[in-house]
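Remarks on the overall topology
Read off the chains here:
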Amino acid sequence: MIAARKKLVLVGNGMAGVRTIEHLLKLNPEGYEITIFGSEPYPNYNRIMLSSVLAGGANMSEIIINDLEWYHSQGIKLYMGHTVTSIDSESRKVYSDKGITAEYDELILATGSNPFMLPIPGADKEGVIAFRDIKDCQIMQETAGSYKKAIVIGAGLLGLEAARGLLHLGMEVTVVHIHDYIMERQLDEAASVMLRRELEAQGMRFLLHKQSEGILGKKRVRGLLFTDGSTADADLIVMAVGIKPNVELAKKSGVQINRGIIVNDYMETNIPGIFALGECAEHRGIAYGLVAPLYEQGAVLAKRLAGVKVEGYMGSVTSTKLKVSGVDVFSAGQFTEPDGSRALRYQDEIEGVYKKLVIQDDMLIGAVLFGDTSDGAHLFSIIKNKENISGREKELLLGISADVFSSTQGNRLEVMPEDEIICGCNGVSKGTIAEAIESGGCTSVGQIKACTKASASCGGCKPLVEGLLQLYAGDAVTVVKEGICGCTTLNRDEIVSEIKRMKLMTVKEVMNVLEWSQEEGCAKCRPSLNYYLGMLWPEEYIDEKESRYTNERYHANIQKDGTYSVVPRIYGGVTSPAELKKIAEVAEKFAVPMVKFTGGQRLDLLGVKKEDLPKMWEELDMPSGHAYGKTLRTVKTCVGSTFCRFGTQDAISMGITLEKQFERLNTPGKVKLAVSGCPRNCAEATIKDFGVVAIDGGWELHIGGNGGVHVRATDLLCVVKTEEEVVEWASAFLQYYREQAGWNERTAHWVERVGVDNIKKALESQEERLALKERIETVLGLTTDPWKQIVNEPELRKNFEAIAQIESV
């Protein structure tokens, strides 16, 4: 008789909780029916990579750790955008704010932490935020588009990473800190001063030994007042002054708390069946805020739940690295000098290198590295293992020559303990990597990345991963180039070439024939293959809906609260009273909470329930604006010669022609067009993917612009005389981009990668342009409006029917 599966509920869809579930599924895959509640409307993502998103090193999709397909494949019921508000520990049930009740046998609280906001007057003004989640990140990106001056309060790790990201977004950034030097909790004064100089050289301004007293401004922030009476101007204030464990749910449910939720060595709370871990938990008086301890707690709890014998969690020694471009900082253990300790220092102001070791009773108890952090993992290992370093102090401080270093790196890695964390971003230990090589058969860094996630985030540990690969795989190491993802070593061009050569027709067939390492692929390669197949075989390939992202599957943008937005197409930004009345009536009928003008000159109906989407589109009876996919978004226009006294050409007519020509076009990345009626360029055509600027007697055609995070002005492609030529060149350019760019590659990156001269050369022949135009017209002739199809087909409408008001995957 098969034992009934127990019910496990996880409250908190963050890194600590979901990592525990991953472990548990490996140890006891059939043991539990798992339900996860998460307050944010996103699947599990890597929070510590938000600073990389802000700094332009990654996009949102790249920091997703487990996409929705993963939850589905593991049989996990996920409630995104649901906050659990109460626990009945007697009947073992939890209740969400959206009316969901879930029973449990075991309950894990992984509610994380909340940012600490200074309780000063004005802290509730518009433009005052923390830096904690995707929403904060988005606010900073949006603010940078309209405002210039930002203040970050707090010069700790998070504050400096936020400040660097805001610099990248083009803002003037001032960092305010209450102490005399920055990162005083991780660095001594010498290292701190060197770090500050480096950041100042990058454009950051510091106000040290300053205490905030109040925030100036009426509705929106306009400055910061200090206790010494001085002020600083600001359009945005980011508070990065610390976090506090989120214990509200536990507190009102009778779970014992102090600063955090009190747990024992097995992550058990005072109430049977309820566990806690992560930033919300307090173990032996410590609430950790770094990822490595949280993963260590998760490993213990997963074994406990799986019935595997495990020693309890004994606490963690932590290390930190600053994720700021161009700056290497490492700190571990006790960097101050307690009584009875000795310190060794090396400082090179010319090369910008500083090293400090703190030694007590012949053991290394702390280290600070600036400028050269390559020894960080090794030193951290020595600290954690309490090695006797008598006689090796100077060697550890000064290191050895590069030649000698390379010859002994294997030895260092060899003696490193199995539980040593190699990849801090994803909590991957040396033992896990060794197992992936010895038992899992990994022979390349890419395979290790796919198998363990080591080096999959910031990449700082890649040299160590390569060293372990050499140590355990020896001659079997294969040096492979990076593929489009960890499932393959093939790049975009090789994949497209093989699909064409063998006429592969489905995603599954491509992965099988081209020997994908992961049978089902991943969230990166499946949409890529779906696009390439559709691009190559437009008349034969059947689009694979399950290989598209949620927004494209539901033909609407999912919002942070789990609702969707509806954006009907308004060609060229030109509408009519009748059309506006219709939109208003539909918005009123379906109680749409917000109607907003978009930057693309159309109306966004926000806060729509999924089950209302087909009915709304049916009553609107307007084309989809495709505001969600990798397709043509908008064609922005100015009034041109129709009304403007400076206009030289009819920009409105030209814009509408282009939008009707290319609407519904599937492209590698989203595409935005604009048409300006004169060189004053009011439609901002020179920051669009394809921009048209009217001049006397003709049109300038521009390509490769971008107005997002990475602002890029267009390159001039050519000048033409007639509207027919504009359409011909636009068709040729867009089809050439479709055929040559990698999936998810915007035109700005693609133009920079291949070079504008090469694109001009490819399009200079009219014969070739007409051939490209013919191919794009074939594609466009096959497209249909998705909402007209959904409205008219009952089977498709079923996908939008409410299922007990949950977002379940």
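Here, the structure is the one placed above.
Reference entry: report on the structure contained in this document. Owing to the predicted nature of the structure, the values given are computational and were not obtained by experimental measurement.

Conventions we followed
- Residues numbered from 1 in each chain as written.
- Predicted model: local features only at pLDDT ≥ 70, side-chain atom pairs only at ≥ 80, totals over all residues.
- Heavy atoms only, no water.
- Helix = DSSP H or I, 4+ residues; strand = E, 2+ residues; numbered from the N terminus.
- Rg over C-alpha atoms; globule rule 2.2 N^0.38 Å.
- Buried < 20%, exposed > 50% of the residue type's maximum accessible area, 1.4 Å probe, protein only.
- Phe/Tyr/Trp six-rings, centres within 6.5 Å; stacked < 30°, edge-to-face > 60°.
- Lys NZ or Arg CZ within 6 Å of the ring centre and 35° of its normal.
- Salt bridge = Lys/Arg side-chain N within 4 Å of Asp/Glu carboxyl O.
- Core = buried A, V, L, I, M, F, W, Y, C linked by side-chain atoms within 4.5 Å.
- Contact = heavy atoms within 4.5 Å.
- Lys, Arg positive; Asp, Glu negative; His and termini not counted.
- Polar contact = N/O pair within 3.5 Å; in protein donor to acceptor, adjacent residues only side chain to side chain.
- Axes fitted to C-alpha atoms, helices over the stretch in contact; angles between N-to-C directions.
- Parallel < 35°, antiparallel > 145°, perpendicular 65-115°, else oblique.
- Pairing = 2+ DSSP bridges.
- 1 Å grid on protein atoms, 1.4 Å probe; cavity = no way out; pocket = protein on both sides within 12 Å on 5 of 7 lines; lining within 4 Å.
- Points joined across faces, edges and corners; volume = space filled by probe spheres on them.
- Nonpolar A, V, L, I, M, F, W, Y, C, P; charged D, E, K, R; others polar.

Moving on, we get to the overall build of the protein chain. In terms of helices and strands, the protein chain carries 28 helices and 36 strands. What you see for the protein chain is a C-alpha radius of gyration of 28 Å, in line with the 28 Å of a compact globule of 809 residues. Dimensions of the protein chain, computed from the C-alpha atoms along their principal axes, are close to 85 × 70 × 65 Å. In the protein chain, which comprises 809 residues, the share counted as buried stands at 51%.

What follows is about the packing of aromatic side chains. Under the defined criterion, the tally for this structure stands at ten aromatic pairs. Following the ring pairs from residue to residue traces out a cluster consisting of Phe-690, Phe-733, Tyr-736, Tyr-737 and Trp-750. In this arrangement the basic side chain of Lys-503 is found over the ring face of Trp-537, its NZ or CZ atom lying 5.5 Å from the centre. Residue placement shows Lys-630 over the ring face of Trp-743; its charged tip is 5.2 Å from the ring centre.

On inspection of all chains with the given rule, the structure shows 39 salt bridges. One salt bridge connects Arg-769 with Glu-728, and the closest N-O pair in it is separated by 2.8 Å. In this pair, Arg-769 is assigned in helix α26 (residues 766-781) and Glu-728 in helix α23 (residues 723-740), connecting sequence segments 41 residues apart. Residue Arg-769 shares its accessibility class with Glu-728, and that shared class is buried. Within this structure, Asp-188, Glu-337, Arg-345 and Lys-356 form a network of salt bridges that share partners.

In this structure, Ile-21, Val-94, Leu-107 and Leu-109 are the most contacted members of the largest nonpolar core, which totals 53 residues. What Val-94 contacts, discounting residues up to four positions off in sequence, is Val-9, Phe-37, Val-84, Ser-86, Ile-87, Ile-100, Thr-101, Ala-102, Tyr-104 and Leu-107.

Let's shift gears to the side chain of Arg-602. Mapped onto the elements, Arg-602 comes out in the loop between β30 (594-597) and β31 (603-608). For the buried Arg-602, which has no salt bridge, the nearest side chain bearing the opposite charge is Glu-659, at an N-O separation of 4.8 Å. At a separation of 2.8 Å, a polar atom in the side chain of Arg-602 contacts the main-chain carbonyl oxygen of Gly-625. Excluding its chain neighbours within four sequence positions, the residues that come into contact with Arg-602 are Val-567, Pro-568, Arg-569, Ile-570, Lys-596, Phe-597, Gly-625, Ala-627, Arg-633 and Thr-634.

Orientation of α23 relative to helix α24 (residues 747-754), taken along the N-to-C sense of each, is 80 degrees, at an axis distance of 11 Å. One element, α23, and the other, α24, form an angle in the roughly perpendicular class. Only Thr-747, Trp-750 and Arg-753 of α24 make contact with α23, whose side of the interface consists of Phe-733, Tyr-736, Tyr-737 and Gln-740.

This paragraph deals with the environment of Tyr-531. One can find Tyr-531 in helix α17 (residues 525-536). For the pair formed by Tyr-531 and Arg-602, sequence separation is 71 residues and the distance between their alpha carbons is 27 Å. The contacts of Tyr-531, once residues within four sequence positions are left out, are Asn-666, Thr-667, Pro-668, Arg-738 and Trp-743.

Attention now goes to the sheet that holds β31. Across the sheet, four strands lie side by side as β28-β29-β31-β30; this open sheet has antiparallel pairing. Each end of this open sheet is capped by a strand with a single partner; those strands are β28 (557-558) and β30. Set on the sheet, helix α20 (residues 613-620) makes contact with β29 (564-566) and β31; between it and β29 the angle comes to about 5 degrees.

Another aspect to go through is empty space enclosed by the protein. All chains considered together, the criterion is met by four cavities of 30 Å³ or more. Quantified by volume, the largest cavity comes out at close to 90 Å³. Looking at the lining of the largest cavity element by element, the count peaks at three residues for α17. Among the residues making up the lining of the largest cavity, the classes are represented as four nonpolar, four polar and three charged.

Burial along strand β16 (residues 236-239) is two-sided: Leu-236 and Val-238 facing one way and Ile-237 and Met-239 facing the other are all buried. Summarising the sheet, strand β9 (residues 128-130) and β16 pair through three bridges and their orientation is parallel. Bridging from a neighbouring strand, Ala-130 pairs with Met-239 of β16. Of the strand pairs in this sheet, strand β10 (residues 149-153) and β16 are connected by four bridges, and their pairing is parallel.

In this fold, Val-327 is placed in the loop between β21 (319-321) and β22 (329-333). The exposure class of Val-327 is buried, given its relative accessible area of 3%. C-alpha of Val-327 to C-alpha of Arg-412: the two residues are 85 residues apart in sequence and 25 Å apart in space.

Turning our attention to the pairing of strand β25 (residues 363-370). Judged by how many residues are buried, β25 sits mostly within the fold: seven of eight residues are covered. Of the strand pairs in this sheet, β22 and β25 are connected by five bridges, and their pairing is antiparallel. Bridging across to β25, Ser-331 finds its partner in Val-368. In this sheet, β25 lies alongside strand β24 (residues 353-360) in antiparallel orientation, the contact comprising seven bridges. Bridge assignment links Tyr-354 to a residue of β25, and that residue is Phe-370. Between β24 and the antiparallel strand that follows it, β25, lie two residues; Asp-361 among them carries a positive phi value of about 55 degrees.

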